[in-house]
Amino acid sequence: MFDTMVLTKAVGAICATFLFFLVGKWIAETVYMPGHDEAHAHAVYPLPPEEGAEPATEEPAEEIDVMALYAEADASAGEGLWRNCRSCHSLEGANGTGPHLDGVVGRQIDAVEGFNYSGALEQLGTTWDVETLFTFLADPRGAAPGTRMSFRGLPDPEDRVNLIKYLEEHPA
């Protein structure tokens, strides 16, 4: 009564059911979610603004006095932040994934011998002064688009000045 043909039919029916749902899913995605590329971006329509609503305005970012903040910086707190950097950088004069950072405060940008820079840092200026480092450490890819540095940045201004103070204590 129960032979291999019945078992084969049951397994075939289960596989056909899964195949039916898989093909149905692909068709539904094609119909209801067309393309996820730039060519289909025009298919999304923005909602019109509500009547009487004022357009949203961005508040200007508050100015930070970097040098006043730097005067109160704590190098020992910066030492704890160094753990974010040491996977790619060194303080002993040897290049790693990134250039060595001993003596970086006051050093020329793109000036480490033997390190192949991307060229994106040139738009920051000529010298790694405190203010340039402060801006760069906030968002490296935003400050120097095209940089190969993949670090996401330090959003807290106090963390940035603490790290810069720590780096300044390690001259070349």
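What you see is a predicted model; the values in this text were computed from it and never measured.

Caption draft 1: View of the overall build of the chain. Counting its secondary structure elements, the chain contains six helices and zero strands. Of the regular secondary structure in the chain, the N- to C-terminal order runs α-α-α-α-α-α. Sorting the 172 residues of the chain into buried and exposed places 26% on the buried side. As displayed, the chain offers around 12,600 Å² of accessible surface, 58% of which is attributable to carbon and sulfur atoms.

Caption draft 2: Quick look at the layout of surface pockets. Considered as a void within the structure, the largest pocket measures approximately 550 Å³ in volume. What lines the largest pocket is a set of 25 residues, and nearest its centre among them are H89, G98, P99, F136 and M149. For the lining of the largest pocket, the element with the highest residue contribution is helix α4 (residues 130-138), accounting for three residues. In terms of residue class, the lining of the largest pocket is made up of 15 nonpolar, eight polar and two charged.

Caption draft 3: Spotlight on the environment of L101. Following the sequence through the fold, L101 ends up in the loop between α3 (75-81) and α4. For L101, a relative accessible area of 12% gives the class buried. Beyond its immediate stretch of four places on either side in the chain, L101 contacts W82, H89, S90, L91, R107 and L167.

Caption draft 4: Quick look at the pattern of salt bridges. With the rule as written, the count across this model stands at one salt bridge. Across the pair E29 and K25 runs a salt bridge whose closest N-O atoms are separated by 3.0 Å. Linking E29 with K25, this pair stays in helix α1 (residues 4-32), spanning four residues, or about one helical turn. K25 gets classed as partly exposed once you look at its relative accessible area, which sits at 44%.

Caption draft 5: The arrangement of a negative patch on the surface in detail. Taken together, the side chains of D74, E79, E168 and E169 define an acidic patch exposed on the protein surface. The residue E79 is located in helix α3 in this model. The class for E79 is partly exposed, based on a relative accessible area of 48%.

Caption draft 6: Summary view of the nonpolar core. Membership of the largest hydrophobic core comes to 28 residues, with the highest contact counts inside it found for W82, L121, L124, W128, L163, I164 and L167. Mapped by element, the contributors of at least two residues to this core are α2 (66-71), α4 and α6 (157-168). Those residues within four positions of W128 in sequence are excluded, and the remaining contacts are V104, V105, G106, R107, Q108, I109, L121, L133 and F136.

Caption draft 7: Inspection of unusual backbone geometry at higher detail. Located in the positive-phi region is D110, a residue other than glycine, with phi close to 60°. By the element assignment, D110 lies in the loop between α3 and α4. Given the relative accessible area of 21%, D110 is considered partly exposed.

Rules and cut-offs
- Residues numbered from 1 in each chain as written.
- Predicted model: local features only at pLDDT ≥ 70, side-chain atom pairs only at ≥ 80, totals over all residues.
- Heavy atoms only, no water.
- Helix = DSSP H or I, 4+ residues; strand = E, 2+ residues; numbered from the N terminus.
- Buried < 20%, exposed > 50% of the residue type's maximum accessible area, 1.4 Å probe, protein only.
- Areas by Shrake-Rupley, 256 points an atom, 1.4 Å probe, with all protein chains shown as cover.
- 1 Å grid on protein atoms, 1.4 Å probe; cavity = no way out; pocket = protein on both sides within 12 Å on 5 of 7 lines; lining within 4 Å.
- Points joined across faces, edges and corners; volume = space filled by probe spheres on them.
- Nonpolar A, V, L, I, M, F, W, Y, C, P; charged D, E, K, R; others polar.
- Contact = heavy atoms within 4.5 Å.
- Salt bridge = Lys/Arg side-chain N within 4 Å of Asp/Glu carboxyl O.
- Patch = residues over 30% accessible without salt bridge, like charges linked within 9 Å, V, L, I, M, F, W, Y side chains within 5 Å.
- Lys, Arg positive; Asp, Glu negative; His and termini not counted.
- Charge placed at Lys NZ, Arg CZ, Asp CG, Glu CD.
- Core = buried A, V, L, I, M, F, W, Y, C linked by side-chain atoms within 4.5 Å.

Keep in mind these numbers describe shape, not what the thing actually does.
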